[in-house]
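# Reading the structure
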Amino acid sequence: MDRASELLFYVNGRKVIEKNVDPETMLLPYLRKKLRLTGTKYGCGGGGCGACTVMISRYNPITKRIRHHPANACLIPICSLYGAAVTTVEGIGSTHTRIHPVQERIAKCHGTQCGFCTPGMVMSIYTLLRNHPEPTLDQLTDALGGNLCRCTGYRPIIDACKTFCKTSGCCQSKENGVCCLDQGINGLPEFEEGSKTSPKLFAEEEFLPLDPTQELIFPPELMIMAEKQSQRTRVFGSERMMWFSPVTLKELLEFKFKYPQAPVIMGNTSVGPEVKFKGVFHPVIISPDRIEELSVVNHAYNGLTLGAGLSLAQVKDILADVVQKLPEEKTQMYHALLKHLGTLAGSQIRNMASLGGHIISRHPDSDLNPILAVGNCTLNLLSKEGKRQIPLNEQFLSKCPNADLKPQEILVSVNIPYSRKWEFVSAFRQAQRQENALAIVNSGMRVFFGEGDGIIRELCISYGGVGPATICAKNSCQKLIGRHWNEQMLDIACRLILNEVSLLGSAPGGKVEFKRTLIISFLFKFYLEVSQILKKMDPVHYPSLADKYESALEDLHSKHHCSTLKYQNIGPKQHPEDPIGHPIMHLSGVKHATGEAIYCDDMPLVDQELFLTFVTSSRAHAKIVSIDLSEALSMPGVVDIMTAEHLSDVNSFCFFTEAEKFLATDKVFCVGQLVCAVLADSEVQAKRAAKRVKIVYQDLEPLILTIEESIQHNSSFKPERKLEYGNVDEAFKVVDQILEGEIHMGGQEHFYMETQSMLVVPKGEDQEMDVYVSTQFPKYIQDIVASTLKLPANKVMCHVRRVGGAFGGKVLKTGIIAAVTAFAANKHGRAVRCVLERGEDMLITGGRHPYLGKYKAGFMNDGRILALDMEHYSNAGASLDESLFVIEMGLLKMDNAYKFPNLRCRGWACRTNLPSNTAFRGFGFPQAALITESCITEVAAKCGLSPEKVRIINMYKEIDQTPYKQEINAKNLIQCWRECMAMSSYSLRKVAVEKFNAENYWKKKGLAMVPLKFPVGLGSRAAGQAAALVHIYLDGSVLVTHGGIEMGQGVHTKMIQVVSRELRMPMSNVHLRGTSTETVPNANISGGSVVADLNGLAVKDACQTLLKRLEPIISKNPKGTWKDWAQTAFDESINLSAVGYFRGYESDMNWEKGEGQPFEYFVYGAACSEVEIDCLTGDHKGLGESGVFLGCSVFFAIHDAVSAARQERGLHGPLTLNSPLTPEKIRMACEDKFTKMIPRDEPGSYVPWNVPI
Ligand SMILES: Cc1cc2nc3c(=O)[nH]c(=O)nc-3n(C[C@H](O)[C@H](O)[C@H](O)COP(=O)(O)OP(=O)(O)OC[C@H]3O[C@@H](n4cnc5c(N)ncnc54)[C@H](O)[C@@H]3O)c2cc1C
Ligand code: FES
Ligand code: FES
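Residues numbered from 1 in each chain as written. Chains lettered and ligands numbered in written order. Predicted model: local features only at pLDDT ≥ 70, side-chain atom pairs only at ≥ 80, totals over all residues. Heavy atoms only, no water.

What follows deals with the overall build of the chain. Scanning the chain from terminus to terminus reveals 40 helices and 50 strands. Counting over 1253 residues, the chain shows a buried share of 58%. Put simply, of all contacts in the chain between residues at least 6 apart along the chain, 76% involve residues at least 24 apart. Of the roughly 51,000 Å² of accessible surface on the chain, a fraction of 52% belongs to carbon and sulfur atoms. Computed over 136 positive and 136 negative side-chain charges, the inter-centroid distance for the chain is 2 Å. (Helix = DSSP H or I, 4+ residues; strand = E, 2+ residues; numbered from the N terminus. Buried < 20%, exposed > 50% of the residue type's maximum accessible area, 1.4 Å probe, protein only. Contact = heavy atoms within 4.5 Å. Areas by Shrake-Rupley, 256 points an atom, 1.4 Å probe, with all protein chains shown as cover. Lys, Arg positive; Asp, Glu negative; His and termini not counted. Charge placed at Lys NZ, Arg CZ, Asp CG, Glu CD.)

Listed below in structure tokens is the structure:
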């Protein structure tokens, strides 16, 4: 054994040798910090987002093949990489050499916005293409299943990748000869618009071709090493941890004997997250490397034996092959496993995770264990003492000591028997979404009839997600043996199983009634599946399924996303070189795709830099009794721990009317509130020390979490806001009908892919401070930092190159974090970096405000709403933040597209003990307008009309007046509505949906169309002012800067388009470096959909000033170049720099009177969505894609589908559905015999696991 092993692997074709490797190091920080390959991004650290995707390649000397697979660098211990080749986004192409076709296409197809997810996307597709140069659409969507994007929406990303597919068409479905591209969507005729639009964004023939011979080759040295060198156990060690990589089975057993408690790390996708998120520590790790016996694939007479070391992706491929080759009756188990292997996590995790690791981890929501548990599988174990077999059964899964592995044993392989004739196996699963989400409930079911008599001889049913381990319904199954497979059996089975697999009302994870319903809904599906097969096998003896039942068995339709986009053509009079109005690629698009775009945490370490991490409150409302820092301060690398005491009189800042505290003083008001800040030499040290800070709390009353509780305690931020128009009380007296209702809307995480990040650098002279930060509002960061450091603003400069997504979440909270970070930097005179981990970010920063909307509507029988009285309550959380402003915007926009002649709307921001909620895409508008749309839907139901009919009846009519008496011309709104009706073939679609619903009992479709009026403006002129600075250099090149922040919306690209038009020069002649308080002072926040509007006018102003100065020179030499003109101007002492300025739109709003002109103009839109739901599980699938608010057309389409289901079941009463419409809510609203069968707990008889907010 080589005790001082050297770690050797390759990164992007270059050899990496590490002599003193720390086994705790993961590949992601190693790439980013050590190798300075910052293209690979940190998004979650737990394998869930795909931002860190790299390609891992290994050579197998036995098969002589190289295997390339995608992997999440955040979960790969570098010690596991010996002999592997790692390819990162930098390794496949760059702007300095040649960009890769994947990088080119994702950029050119507008597949990037903020670009933070893009390198991960690129690497997932790149790896796919290495294995399948002409992938199918299925392979493509499968490859992207583990990658999240929060800005772009997946359509343009998929469009880009589809160009590599052999058939790059749309739905790829030519069944019945119909493809969506040929015939309009779903075969419905398309709306004709004439020549104003063009359907294409890019010309495929201009793309770089994919040429596999150009790819990096697998390093020959690694091949030779694998072939020639005798393998030796490798040992890596640090002070805290030892890592052993045995290469033979014998050695592995020796290690396991010596260190029985050490985990056997395979994919590290189970152990890794435990270490990272649950603080588990293993002093010794055993990580087998290339042990052949762990990769066996053996076809024996009784079944298939699969090595425990095979990855889940390999298992999937092996099973896919086996089911092709063997008769179907033998492969029932394999089909069931394949079904779940298709949706288990994403491709990266499936390629890392091993079969053995999956089984041994025994996660309660494991997708494979419930299937394996019903299939009589055996585990082949080995230790120094010898071989042993144990059944993979319920006892094993619940870790009963006498049914489990002994600590020194390892799992070598698993035997999965073939199925027999008259034996059927199925698998079921329901998750929040179909891909990359853990199951809420999953199940494996097997029945064996022995022969064709339909009498149950064996029955096994197991469930995941319903307890601390996979649970088998053993007793129920036993009692059903000998029964016929018929409805009576089903009925008894449901009752028995509900009794046996019982869930307490307080069960962890909540969703108790949904889970109970799924338990029997799955059983019903299994019953139908088997009945259908029996009928096929023996049509004489088995009855046909009733037609209406068949729909329970089919998958949801429209598997692939179809998309057609149309781009408006520019007018014929526009100069061909004028880029305005053209769909120009994001100017950072290619850099996003090559990983060259630099985000805050990609900046190199500054000399002597420190890392800051926060300790946050674990109580929602409590007194801080004591804080003990002593142990944390004694930890290695710790420099300081700061509390409110240190910040003393600079521990708060007032942005609106109420000062926000930075660090808690004597009390905490929410979980996640910042209590102290730990400063250490490295991130790891700071995090370790933070865990040792001991805080003693004493809980306080009242604890207010929900809006209802805040109303009860009269806890809200002042003032209340109100809008009133017409005479509501009088109008209620004359209407035909009145309804009252309410709707709840849950909150939302920002989940910007780049977490809050900043680097504060003291300049060492004149107290100057540079703040590099991911924010939407540099001026605010400058102000808060200057105030905290008691410096004038001119000493603090804030710089933002780009932001990896913000959505409203990078303003006030960022300011608080920046203030503390700057305080630390100033105190120690050293640069300080603070980058939140995903979990911290989600805990600390709040998100979208949950809302409660109450309404009373008075309307006529023809659908006209004459009186509307509304109340908006938002859950603002523990501090004011921007909550009042959100309420105000919600009130101003609640009318959406409708004229309510008599309206009263009041709004309150409720103070609760939740982390403070803040600005979020739409800023109160989506919540407020959803309340209105929900009310309209209910009015329609009362009038017996379609919601669309009631929408158009109440819509603004051309020249009209808003509730705050601003004039509006809604001509374009009506036109949008009509166009949307026509383009979506609404009427034909409606008929088709109704027909579908009449024919299908267990699947329902729904259709909804929603209009949008979005008022543009910030409510005050000062908030709308903008400035820009344009320099012309003597070589004729131009540098522009402005106050807007590039956060994915492409504002810098648009500003360069403006310069290009104004100065009549190509865009390539103009550059933009980023935003800084040094170049454009006092810039307003980037938000509210006006950044390009306002800054564009400022840029235009600067260009016009310059042009005016240069006009005489240009007209003297009209054929000259910009270089000539600049030189002449310089020679004539003409200033080649200009500041541009825009004062802001005239706007005002008087809240006392409820009147004003808060907005400059209105934009309009409309969206139509069609969805299909599975009434038994709540699964759903939508067609079409729309913006944030218009996304609620999906909500109302689901509402429509659920209504159809309820009507068919004889439930005709009103239906209120709360948002978000999760599978749980959909399933529970589609009431049926199964929802009636489940036990219900009396409210108050148990403590629920969670409180709906
Ligand atoms: C982002 C993410 C999403 C996921 N989504 C899903 C999902 O949708 N559905 C689902 O079912 N699962 C999901 N998982 C869980 C995943 O399936 C498991 O983490 C994985 O299968 C574990 O395999 P591994 O090789 O990585 O285990 P490791 O983490 O390497 O090891 C896990 C455990 O198994 C033991 N072990 C491993 N091999 C052996 C052996 N040969 N002998 C003895 N002991 C052994 C180790 O000692 C350790 O205790 C997800 C995980 C992540 C990180
Ligand atoms: S998957 Fe690795 S950072 Fe998210
Ligand atoms: S572009 Fe995908 S997260 Fe921003």
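What follows is about the pairing of strand β16 (residues 439-448). The buried fraction of β16 is high, at ten of ten residues. Where β16 and strand β17 (residues 458-464) come together, seven bridges link them in antiparallel fashion. Bridge assignment links Asn 442 to a residue of β17, and that residue is Gly 464. (Pairing = 2+ DSSP bridges.)

Our next topic: the site of ligand 1. Near ligand 1, the surroundings consist of 32 residues, among which Val 264, Met 266, Thr 269, Ser 354 and Asp 367 are the closest. Between ligand 1 and Val 271, the relevant distance is 2.8 Å, taken from an oxygen atom to a main-chain nitrogen or oxygen of the residue. Taken by itself ligand 1 offers 980 Å² of open surface, and the protein chains cover 91% of this. Of all elements in the fold, only α14 (355-361) and β14 (410-417) reach the threshold of two or more residues within the shell around ligand 1. Here the element with the most residues in the shell around ligand 1 is α14; it accounts for five residues. Along the lines of polarity and charge, the residues of the shell around ligand 1 split into 16 nonpolar, 13 polar and three charged. (Near = heavy atom within 4 Å. Polar contact = N/O pair within 3.5 Å; in protein donor to acceptor, adjacent residues only side chain to side chain. Nonpolar A, V, L, I, M, F, W, Y, C, P; charged D, E, K, R; others polar.)

To continue, consider empty space enclosed by the protein. Counting across every chain of the model gives ten cavities of 30 Å³ or more. Space inside the largest cavity adds up to approximately 80 Å³. Here the element with the most residues in the lining of the largest cavity is helix α36 (residues 1091-1116); it accounts for three residues. The space that makes up the second largest cavity amounts to roughly 60 Å³. Forming the walls of the second largest cavity are Gly 1017, Leu 1018, Gly 1019, Ser 1020, Gly 1024, Val 1090, Leu 1094, Tyr 1145, Ser 1147, Pro 1158, Phe 1159 and Glu 1160. Looking at the lining of the second largest cavity residue by residue, the class counts come to six nonpolar, five polar and one charged. (1 Å grid on protein atoms, 1.4 Å probe; cavity = no way out; pocket = protein on both sides within 12 Å on 5 of 7 lines; lining within 4 Å. Points joined across faces, edges and corners; volume = space filled by probe spheres on them.)

With that out of the way, let us pick up the pattern of salt bridges. What the rule picks out here adds up to 71 salt bridges. Between Asp 491 and Arg 495 there is a salt bridge whose closest N-O contact spans 3.4 Å. Here Asp 491 and its partner Arg 495 are both found in helix α18 (residues 487-500), four residues apart, which amounts to about one turn of the helix. Residue Asp 895 pairs with Lys 1013 through a salt bridge whose shortest N-O separation is 2.9 Å. Of this pair, Asp 895 sits in the loop between α30 (883-893) and β38 (903-911) while Lys 1013 sits in strand β41 (residues 1003-1016), and the two are 118 residues apart along the sequence. Counted as one network, the salt bridges with shared partners bring together Arg 32, Lys 33, Lys 41, Asp 601, Asp 602, Glu 609 and Arg 833. (Salt bridge = Lys/Arg side-chain N within 4 Å of Asp/Glu carboxyl O.)

Right, let's talk about the packing of aromatic side chains for a bit. All told, the structure shown has 33 aromatic pairs when counted by the stated rule. Here the aromatic rings of Phe 656 and Phe 885 are separated by 6.3 Å at their centres, their planes lie at 55°, and the arrangement is tilted. On the criterion of sequence distance, the pair formed by Phe 656 in the loop between β23 (652-654) and β24 (659-661) and Phe 885 in helix α30 is long-range, its members being 229 residues apart. The exposure class of Phe 885 is partly exposed, given its relative accessible area of 26%. Grouping aromatic residues by their ring pairs yields a cluster made of Phe 653, Phe 655, Phe 656, Phe 777, Tyr 780, Phe 885 and Phe 923. The ring of Phe 281 has Arg 240 sitting right over it, with the charged end atom 4.4 Å from the ring centre. One cation-aromatic arrangement involves Lys 330 over Tyr 418; the distance from NZ or CZ to the ring centre is 4.5 Å. (Phe/Tyr/Trp six-rings, centres within 6.5 Å; stacked < 30°, edge-to-face > 60°. Lys NZ or Arg CZ within 6 Å of the ring centre and 35° of its normal.)

Restricting attention to buried positions, one finds in helix α9 (residues 249-258) the residues Leu 249, Leu 252, Leu 253, Phe 255 and Lys 256. The arc enclosing the buried residues of α9, seen along the axis, measures out at 160°, which places them on a common side. Turned more than 90 degrees away from the buried face of α9, the exposed residues are Lys 250 and Lys 258. On its buried face, α9 sits against β8 (242-245), β9 (284-286), β12 (378-383) and β14. (Arc of directions from axis to C-beta.)

It is worth spelling out the side chain of His 750 at this point. Structurally, His 750 is set in the loop between β30 (748-749) and β31 (757-762). Here the side chain of His 750 touches Gly 809 through a polar contact of 3.3 Å, landing on its backbone nitrogen. Not counting chain neighbours up to four residues away, the residues in contact with His 750 comprise Arg 150, Ala 806, Phe 807, Gly 808, Gly 809, Gly 846, Gly 847, Thr 918, Ala 919 and Phe 920.

What follows covers the environment of Ala 300. With respect to the helices and strands, Ala 300 occurs in the loop between β10 (297-299) and β11 (303-307). In the structure, Ala 300 is positioned 784 residues away from Asn 1084 in sequence and 71 Å away in space, judged by C-alpha atoms.

Moving on, we get to the packing of helix α35 (residues 1051-1063) against α36. Packing of α35 against α36 brings their axes to within 9 Å, and their N-to-C directions diverge by 30°. As the angle between them shows, α35 and α36 are arranged roughly parallel. Of the two elements, α35 crosses α36, and the hand of that crossing is right-handed. Along its contact with α35, which presents Val 1051, Lys 1054, Met 1055, Val 1058, Val 1059, Glu 1062 and Leu 1063, the element α36 presents Val 1091, Ala 1092, Asn 1095, Gly 1096, Val 1099, Lys 1100, Cys 1103, Gln 1104 and Leu 1107. When its residues are assigned to classes, the contact of α35 with α36 shows ten nonpolar, three polar and three charged. (Axes fitted to C-alpha atoms, helices over the stretch in contact; angles between N-to-C directions. Parallel < 35°, antiparallel > 145°, perpendicular 65-115°, else oblique. Left-handed = near helix turned anticlockwise from the far one by under 90°.)

On to the state of the cysteines. Across all of its chains, the model carries zero disulfides by this definition. Its sulfur unpaired, Cys 472 is 7.2 Å from the next cysteine sulfur, which belongs to Cys 460. For Cys 472, a relative accessible area of 11% puts it in the buried group. (Disulfide = S-S within 2.5 Å.)

Before going further, it helps to spend a moment on the sheet that holds strand β27 (residues 694-699). Pairing is antiparallel across the open sheet formed by three strands, whose spatial order is β25-β21-β27. Only two strands of the sheet have a single neighbouring strand rather than two, namely β25 (667-668) and β27. Where strand β21 (residues 622-628) and β25 come together, two bridges link them in antiparallel fashion. The residue bridging Lys 623 from the neighbouring strand is Lys 667, located in β25.

Another aspect to go through is the nonpolar core. Ranked by internal contacts, the top residues of the largest apolar core, which has 173 residues, are Tyr 463 and Trp 485. No other element matches the 13 residues that helix α19 (residues 512-537) contributes to this core. Contacts of Tyr 463, omitting those with residues within four sequence positions, involve Pro 370, Val 441, Asn 442, Ser 443, Met 445, Ala 469, Thr 470, Ile 471, Ile 497, Val 501, Ile 519 and Leu 523. Of all hydrophobic cores here, the second largest spans 80 residues; its members include Tyr 82, Val 86, Ala 336 and Leu 368. (Core = buried A, V, L, I, M, F, W, Y, C linked by side-chain atoms within 4.5 Å.)

Now for unusual backbone geometry. Cis geometry marks the peptide bond from Glu 701 to Pro 702; its omega dihedral reads -10°. Examined against the element boundaries, Pro 702 turns out to sit in the loop between β27 and α25 (707-712). Between Lys 718 and the following residue, Pro 719, the backbone shows a cis peptide bond with an omega angle of 0°. Structurally, the position occupied by Pro 719 is in strand β28 (residues 716-725). In this structure, Asn 12 takes a positive phi of about 50° despite not being glycine. Along the chain, Asn 12 falls in the loop between β1 (7-11) and β2 (14-18). For Asn 12, a relative accessible area of 16% translates into the label buried. Unusually for a residue other than glycine, Gln 608 sits at a positive phi of about 65°. Among the structural elements, Gln 608 can be located in the loop between α21 (589-594) and β20 (610-616).

Everything listed here is a matter of geometry and, on its own, says nothing about what the molecule does.
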